[in-house]
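# Descriptive analysis of the structure
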Amino acid sequence: MTAVLNGIKKNRLLALVALAYLVLFIVAPGKASSSVQNSVYYLVEMLQVLPVIFLLTVVIEAWIPKETIILHMGDKSGLWGNFLSLALGSLSAGPIYAAFPISKTLLGKGASITNIVIILSSWAVIKVPMLANEAKFLGPDFMAVRWVLTVAAILVMGALMGKIVKKKDLPADDADEKATLTIQQEYCVGCGVCVKMMPGLYAMKDNKAVVQFEPGPGVPSEKIRQTVQKCPTKAIVYLPE
Ligand code: SF4
């Protein structure tokens, strides 16, 4: 019983949805059944899209160095970063919810809030396939004027969001909150494995690894745990409180 209550506590939203379905099945079985059909449709769509998206996030995580993301999409990337983000969002495919895991990975690797807003917004409203359809049904002039105005609005919105929202305001993975990460210097043999795995977080100093900043929002706790496991001398201590 306690396990069930704990499960409900941990998944409040899911429990609330299940309860809503239960009530709907009692008061309006017809509506409940169409609602289930819709949910199944979206679930199938998500199952088709999400594996590709997760593969993409893994590729970004493993193959694109943090420094590259910071340089091209970070806080100091300027108009070039805005342009790149606009292109990335516009050339994407798939529904908007597919953009969120990618955005989270990019944020964790150093992309700015402004550029993430630009990616999400252009992904949602000015994707190339969408523009092609729009031109076909409403005419190229309509599409072109809407594109120009939308891009202007997206850039303004991105700049404003960059000023208003800070990375520390974003939710962290549960395990990241109040976590401490340290390296027991006496055990570190300077092999560099941790630095190779998370070059932004760890660095070498006098042949020993050091932690460059306290991990917080956007730093994947799972990846940190992997560095703990891979450290040959178990010198890394990661303690989510
Ligand atoms: S993996 Fe472990 S031993 Fe190797 S540099 Fe990092 S902390 Fe030191």
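### Here we look at the site of the ligand
In the vicinity of the ligand, 14 residues are found, and the nearest of them are Cys188, Cys191, Cys194, Ala209 and Cys231. Here the residues of the shell around the ligand sort into eleven nonpolar, three polar and no charged.

### Focus on the environment of Gly158
Mapped onto the secondary structure, Gly158 falls in helix α9 (residues 140-164). The exposure class assigned to Gly158 is buried, which follows from the 24 C-beta atoms found within 10 Å. Sequence-wise, Gly158 and Thr114 are 44 residues apart; in three dimensions their C-alpha atoms are separated by 4.3 Å. If we ignore the near neighbours within four places in the chain, the residues touching Gly158 are Asn82, Thr114, Asn115, Val117 and Ile118.

### Section: helix α8 (residues 128-138)
Counting buried residues in α8 gives zero out of eleven residues, a small share hidden from the surface. Downstream of α8 by one or two residues, Gly139 has phi in the positive range, about 100°.

### Quick notes on the environment of Val117
Within the secondary structure layout, Val117 lies in helix α7 (residues 113-125). A residue is classified by how many C-beta atoms lie within 10 Å of it, and Val117, with 22 of them, is buried. Between the C-alpha atoms of Val117 and Leu86, which are 31 residues apart in sequence, the distance is 9.5 Å. Every residue in contact with Val117, bar those within four places of it in the chain, is listed here: Met157, Gly158 and Met161.

### Topic: the packing of α7 against α9
Between α7 and α9, the least distance of the axes is 8 Å, while the angle of their chain directions is 150°. Taken as a pair, α7 and α9 cross one another with a handedness that is right-handed. Counting all contacts with α7, which are made through Ile113, Thr114, Asn115, Val117, Ile118, Ser121, Ser122 and Val125, the residues of α9 involved are Thr150, Ile154, Met157, Gly158, Ala159, Met161 and Gly162. Grouping the amino acids of the contact of α7 with α9 by side-chain chemistry returns eight nonpolar, seven polar and no charged.

About the criteria used
Residues numbered from 1 in each chain as written. Predicted model: local features only at pLDDT ≥ 70, side-chain atom pairs only at ≥ 80, totals over all residues. Near = placed C-beta within 6 Å. Nonpolar A, V, L, I, M, F, W, Y, C, P; charged D, E, K, R; others polar. Helix = DSSP H or I, 4+ residues; strand = E, 2+ residues; numbered from the N terminus. Buried ≥ 20, exposed ≤ 12 C-beta atoms within 10 Å, placed from the backbone. Contact = placed C-beta atoms within 7 Å. Axes fitted to C-alpha atoms, helices over the stretch in contact; angles between N-to-C directions. Left-handed = near helix turned anticlockwise from the far one by under 90°.

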